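Listed here are the chains, written in short residue letters.
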Amino acid sequence: MPLPKSIMAEARQLRQELNEHNYSYYVLDAPSVTDQAYDRLFRRLQQLEQEYPELVSADSPTQRVGSEPASHFESVEHEVAMLSLDNAFDEEEMHAFDRRLRDKLDHQAPLAYCAEPKLDGLAVSLLYVDGELRRAATRGDGRSGENITANARTIDSIPLRLIGDDLPARIEVRGEVYMELAGFAALNESQRENGGKVFANPRNAAAGSLRLLDSRITASRPLTFCSYGIGLIEGAEMASGQYRQMQYLRTIGFPISRQIELLDSIDDCLDYYARILQQRDDLAFDIDGVVFKLDDVQLQRQAGFVSRAPRWAIAYKFPAQEVMTRLLDVDFQVGRTGALTPVARLEPVAVGGVMVSNATLHNMDEIERKDVRIGDVVIVRRAGDVIPEVVGPVLQQRSGDLPRPKMPPRCPVCDSEVMQQPGQAAFRCIGGLVCAAQRKEAIKHYASRKAMDIEGLGDKLVEQMVEQDLIDSVADLYRLSLQQVAGLERMAEKSASNLLQALETGKKTTLSRFIYALGIREVGESTAESLAAYFGDLDQVMNADVDTLQQVEDVGPIVAENIRHFFDQKSNRAIVDQLIESGINWPPIEASQQQQTLAGKTYVISGTLDGYSRDQAASLLKARGARVSGSVSARTTGVITGENPGSKVAKAEALGVDILGQAEFEALLGETV
Ligand code: IVH
């Protein structure tokens, strides 16, 4: 079939629109269409390309899906060497760097620097000819790297075609390919499920994904690109400052760091470092320091290089988030449900700026999979707020036959038997409330913020109370006397009376908090809310049979069994009775026993809905069996948007999650099956 002009024009138009939307999303961080609208354009283009294959061009947004596996990577020579960076580890070294540079340049006044975080991924070079991506390469040894064009093309934030009319004939842009923490976690989860390779950290995951011979697999990996420099440029004037050059890159289609700043002096650099270090744990990706580049490109040239690194740039490193230390022993900690968690006792070591002597080993399966032995040198990782974990042993440093950690046959706390239930990874102490560890954890949980929220009743205090036999169960909390509490360590009379007051006022609660506070296995906040909304009454929950329980959203056969089992225990019933007797109360609620029309669905609410507060909207959805979540993921059924929706909409669009307006929300509430 001949290719009609109108079709050609339509395809061109579609491509341009899609590229512009991509640009708004990836570069400007400001999505310009809804997901559905984007999809519609995308599918129309796909359809045209299918009908008229001669329309397909390499820079079409449809061409990011990867291609047939290659047998190897071609080697590519870098026209301009890809250098590495010198490091600084403290302020003194930063001042020395600045001084050296000013001496070399014979420059007395303060020097201006362009600053960005140092991303922890891998360097790539992207060559564009006449605005089109021609070649992508890894850094390799700096002189030559590997041709990874097929893989780079699958990364959405790498433009296939640049924007603008006045593009350079050739431009080589450099930057980092990395993986955000959320994408990394999701990837490892799915790798674990599918028996694939589990990556030690986001950097390894990014490197492994970018160096796959099958670009179709790379396409499925959550890789991101951020540019940080220009390798070469021909056929266009370039700004004379690094910072301005980066702004230029942004205008032609490249993502640049959100944190990029132009700083007037080395002192401002030190402030910048402190600021970014503070933000480190809140960022969506790992960074391992800050890179400072002399802003003036003319002066950069004058300063030149020493061996493999420029004199005009430096990486001021953060305290490492991964360090090596020795595993001295493995202990087992008993949790609220009796599960025994292996805890690594380590030779103390600073990780991410904090001294660490304990780290989690997750469970026995992980220990076996990683082949961790007592006495090994291990890699310990601490990123963000997550608890430190043992990533794995350093096998090269193992000498001789080291013992494997063993699950103790009896509980280290109460000496009850330890058992593994069939089909479950966890080993548990069967002691229940006989076990002081489980009692402590149950009481800590009861007092915690999302449960009964008893102010002043911290973990240490609970431990003391249990150890001194003041309390055996949560019901005993309400029988404590001022004398007893004031007699505890670090407890003045004033704080003791505050605690009793907090216990008293805390008796006023909600049914869902109370159910959650009981600490029934696998009944989290959201399940507790569903139970409260469905039954409206504690007795009904306690007496419901397994089938009825399963009518409730979130409650499957296992959770239903757990709930039934919990309330079948006389001791648990007795505690609940005592709690109610001591005056725990909540406002009555109407049982929904609504048709669970939205069972199995998960919604996120963003923005203000007309006529409903967020809580109201959420409980209406929950009453119908839906789950309401605070964050968008691939499992979200839809994002309900009102006035002024937030960034969740962008996330939803990126993930292909439906976006619903007020009318669609109301339709959901009215819907029956
Ligand atoms: S500039 C001549 N800027 O760090 C300057 N590098 O240790 C060359 N990196 O190979 C690099 N973030 O992979 C620069 N904002 C940033 C960076 C950055 C991460 C990596 C890059 C480079 C390595 C050098």
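Summary of the structure given here.

Cut-offs applied
Residues numbered from 1 in each chain as written. Predicted model: local features only at pLDDT ≥ 70, side-chain atom pairs only at ≥ 80, totals over all residues. Heavy atoms only, no water. Salt bridge = Lys/Arg side-chain N within 4 Å of Asp/Glu carboxyl O. Helix = DSSP H or I, 4+ residues; strand = E, 2+ residues; numbered from the N terminus. Buried < 20%, exposed > 50% of the residue type's maximum accessible area, 1.4 Å probe, protein only. Expected span 1.5 Å × (residues − 1). Arc of directions from axis to C-beta. Phe/Tyr/Trp six-rings, centres within 6.5 Å; stacked < 30°, edge-to-face > 60°. Polar contact = N/O pair within 3.5 Å; in protein donor to acceptor, adjacent residues only side chain to side chain. Patch = residues over 30% accessible without salt bridge, like charges linked within 9 Å, V, L, I, M, F, W, Y side chains within 5 Å. Areas by Shrake-Rupley, 256 points an atom, 1.4 Å probe, with all protein chains shown as cover. Lys, Arg positive; Asp, Glu negative; His and termini not counted. Charge placed at Lys NZ, Arg CZ, Asp CG, Glu CD. Near = heavy atom within 4 Å. Nonpolar A, V, L, I, M, F, W, Y, C, P; charged D, E, K, R; others polar. Core = buried A, V, L, I, M, F, W, Y, C linked by side-chain atoms within 4.5 Å. Contact = heavy atoms within 4.5 Å.

Quick notes on the pattern of salt bridges
Part 1: Under the criterion given, the structure shown has 38 salt bridges.
Part 2: Linking R161 and D59 is a salt bridge whose minimum nitrogen-to-oxygen distance equals 2.4 Å. On the criterion of sequence distance, the pair formed by R161 in the loop between α4 (149-152) and β7 (170-179) and D59 in the loop between α2 (35-51) and β1 (75-77) is long-range, its members being 102 residues apart.
Part 3: According to the relative accessible area criterion, R161 is partly exposed, its value standing at 31%.
Part 4: Residue classification places D59 among the buried residues on the basis of a relative accessible area of 10%.
Part 5: Note that E366 and R369 form a salt bridge whose closest N and O atoms lie 3.0 Å from each other. Note that E366 and R369 are positioned in helix α11 (residues 364-370) at a spacing of three residues, about one turn of the helix.
Part 6: The buried category is assigned to E366, whose relative accessible area is 9%.
Part 7: A single network of salt bridges, built from pairs that share partners, joins D371, R373, D376, R398, D401 and R404.

Comments concerning helix α15 (residues 493-505)
Part 1: End to end, α15 covers 18 Å across 13 residues, agreeing with the expected 18 Å (1.5 Å per residue, within 8%).
Part 2: Considered for burial, the residues of α15 that qualify are A496, L499, A502 and L503. Down the axis of α15, the smallest arc covering the buried residues is 120 degrees, so these residues share one side. Away from its buried face, by an angle of more than 90 degrees, α15 presents the exposed residues E493 and K494.

A look at unusual backbone geometry
Part 1: Of note in this structure, D130 is not a glycine but carries a positive phi near 50 degrees.
Part 2: With respect to the secondary-structure elements, D130 resides in the loop between β4 (122-129) and β5 (132-138).
Part 3: Of note in the backbone geometry, D469 takes a positive phi value of approximately 60 degrees without being a glycine.
Part 4: Checked against the element boundaries, D469 lands in the loop between α13 (459-467) and α14 (482-486).
Part 5: Judged by relative accessible area, D469 falls into the exposed class, the value being 60%.

Examining the packing of aromatic side chains
Part 1: Throughout the structure, instances matching the rule amount to twelve aromatic pairs.
Part 2: Seen in terms of ring centroids, Y38 and F42 are 6.2 Å apart; in terms of plane orientation they differ by 20 degrees. Their pairing is stacked. Of the two residues, Y38 and F42 are both situated in helix α2; the distance of four residues between them amounts to about one turn of the helix.
Part 3: Ring centres 5.9 Å apart and planes at 40 degrees place the aromatic pair F97 and Y113 in the tilted group. Here F97, found in helix α3 (residues 91-105), pairs with Y113, found in strand β3 (residues 113-119); they are 16 residues apart in sequence, far enough to count as distant.
Part 4: Here the aromatic residues Y273, Y316 and F318 are joined through ring pairs into a cluster of three or more.

Things to note about the side chain of D214
Part 1: For D214, the position within the fold is in the loop between α6 (202-210) and α7 (215-219).
Part 2: Residue D214 is classed as buried on the basis of its relative accessible area, which comes to 17%.
Part 3: Only 3.0 Å separates the side chain of D214 from the backbone nitrogen of R216, close enough to count as a polar contact.

Focus: a negative patch on the surface
Part 1: A contiguous patch of negative charge on the surface is contributed by D90, E91, E93, D267 and D271.
Part 2: Of all the secondary-structure elements, those providing two or more residues to the negative patch are α3 and α9 (266-279).
Part 3: For D90, the location among the structural elements is in the loop between β2 (87-88) and α3.
Part 4: The class for D90 is partly exposed, based on a relative accessible area of 34%.

Quick look at the site of the ligand
Part 1: Around the ligand, the surrounding shell holds 13 residues, and the nearest of these are E116, L119, E176, Y228 and K293.
Part 2: One of the side-chain N or O atoms of Y228 is found 3.4 Å from an oxygen atom in the ligand.
Part 3: Burial of the ligand by the protein amounts to 86% of the accessible area it has alone, namely 520 Å².
Part 4: For the shell around the ligand, the element with the highest residue contribution is β3, accounting for four residues.
Part 5: Here the residues of the shell around the ligand are counted per class, giving eight nonpolar, no polar and five charged.

A few points about the nonpolar core
Part 1: Ranked by size, the top nonpolar core spans 55 residues in total, and within it Y446, I454, L477 and L579 carry the most contacts.
Part 2: L579 has contacts with Y446, V474, A475, Y478, F514, L518 and I584, leaving out every residue within four places of it along the chain.
Part 3: Core analysis: the next-biggest nonpolar cluster, separate from the first, contains 35 residues, I158, I171, V177 and I252 among them.

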